[in-house]
Amino acid sequence: MDRVSPPVPLGARLLRRARRFGRAEGGSALLEFAFVAPALIALILAVLELALVFFAQQALETGVEAAARTLVTGSAQAADISGAAAGMSKAQLQERFRQQACAALPSFLSCANLMVDVQSASSFSQISTGAPTISYDANGAVTNNWSYDTGGAGSIVMLRLMYIWPVPLGPLGLNFSNAGDGKRLLIATSVAKSEAYS
């Protein structure tokens, strides 16, 4: 005759299973990775996003060097003189220079987001290189009026290229924007004395 064992209380059964689970080592690496993976993936995404911001900043720096060369050598000023003689307004000359500066940028930077500020002075101390305050209209378009004064031979010329780079809210709530509303203002500045061109 078969002997029937008495029923084991629920608490004892759970305790036995918990001990068995505690001694088991299979799948522990998977469990540890499940705890670490979200933070690791978030860190990788944040590094990639920051790398893109630095890459765009460096591309803007390269563009400002190329555009500033035209101001230092006087070719931009000569183009302005010929454009003014052809009846172009200052706004048209400024837009033409902005398009030339945009041509020096890589294709992943859109001309629509590029802003150009050109100032000249007789001494380096008169140039203000501080970051500007960007103002927006109700549609999110920039409303600042930028200066366009290329100066003459021997004058100090500051060229500032500014670019609005969209940065989404990063993982773990990281926010790389400095211009509000998921935007980062990238600024590349060149200050030099123009040559004594004729």
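Cut-offs and rules
- Residues numbered from 1 in each chain as written.
- Predicted model: local features only at pLDDT ≥ 70, side-chain atom pairs only at ≥ 80, totals over all residues.
- Heavy atoms only, no water.
- Helix = DSSP H or I, 4+ residues; strand = E, 2+ residues; numbered from the N terminus.
- Rg over C-alpha atoms; globule rule 2.2 N^0.38 Å.
- UniProt positions renumbered as here; feature names shortened; annotations may be inferred.
- Salt bridge = Lys/Arg side-chain N within 4 Å of Asp/Glu carboxyl O.
- Buried < 20%, exposed > 50% of the residue type's maximum accessible area, 1.4 Å probe, protein only.
- Phe/Tyr/Trp six-rings, centres within 6.5 Å; stacked < 30°, edge-to-face > 60°.
- Patch = residues over 30% accessible without salt bridge, like charges linked within 9 Å, V, L, I, M, F, W, Y side chains within 5 Å.
- Areas by Shrake-Rupley, 256 points an atom, 1.4 Å probe, with all protein chains shown as cover.
- Lys, Arg positive; Asp, Glu negative; His and termini not counted.
- Charge placed at Lys NZ, Arg CZ, Asp CG, Glu CD.
- Pairing = 2+ DSSP bridges.

K.L.:
Would you mind showing me how to read the overall build of the protein chain here?
P.N.:
Regarding its fold elements, the protein chain presents four helices and three strands. From first element to last, N terminus to C terminus, the protein chain shows the α and β order α-α-α-α-β-β-β. Taken over the C-alpha trace, the protein chain has a radius of gyration of 31 Å; the compact-globule value for 198 residues is 16 Å, which it surpasses by more than 25%. Oriented by its inertia axes, the alpha-carbon framework of the protein chain measures out at about 120 × 35 × 30 Å.

K.L.:
I tried to follow the UniProt feature "domain: TadE-like" (unreviewed entry) in the protein chain on my own but got confused; where do I start?
P.N.:
With numbering matched to this structure, UniProt assigns "domain: TadE-like" (unreviewed entry) to residues 27-69. The span residues 27-69 carries 98% helix and 0% strand; its end-to-end C-alpha distance comes to 62 Å.

K.L.:
Would you explain the pattern of salt bridges in this entry?
P.N.:
Side chains that differ in charge, positive against negative, can pair when their charged atoms come close. Tallied over the full model, the rule gives three salt bridges. One salt bridge connects R96 with D80, and the closest N-O pair in it is separated by 3.8 Å. With R96 in helix α4 (residues 90-103) and D80 in helix α3 (residues 75-85), this pair connects stretches of sequence that are 16 residues apart. With relative accessibility at 10%, the residue D80 sits in the buried group. As a salt-bridge pair, R98 and E95 come within 3.1 Å of each other at their nearest N and O atoms.

K.L.:
What exactly am I supposed to notice about the packing of aromatic side chains here?
P.N.:
The geometry of an aromatic ring pair is captured by the separation of the ring centres together with the interplanar angle, meaning the angle of the planes. With the rule as written, the count across this model stands at four aromatic pairs. Centroid distance F97 to Y148: 5.8 Å. Interplanar angle 45 degrees. Geometry classified as tilted. In this pair, F97 is assigned in helix α4 and Y148 in the loop between β1 (114-121) and β2 (156-166), connecting sequence segments 51 residues apart. There is no split in this pair, since F97 and Y148 are both buried.

K.L.:
Help me understand a positive patch on the surface, please; the structure alone is not making it clear to me.
P.N.:
Positive charge collects at one region of the surface, where R13, R16, R17, R19, R20 and R23 lie side by side. With respect to the element layout, R16 can be found in helix α1 (residues 10-23).

K.L.:
Sorry if this is basic, but what is going on with the pairing of β1 here?
P.N.:
The side chains of a regular strand alternate between the sheet's two faces. Within β1, six of the eight residues are buried, which leaves it mostly tucked inside the rest of the structure. Alignment of β1 against β2, held across eight bridges, turns out to be antiparallel. Within the sheet, the bridge partner assigned to Q119 lies in β2 and is M158.

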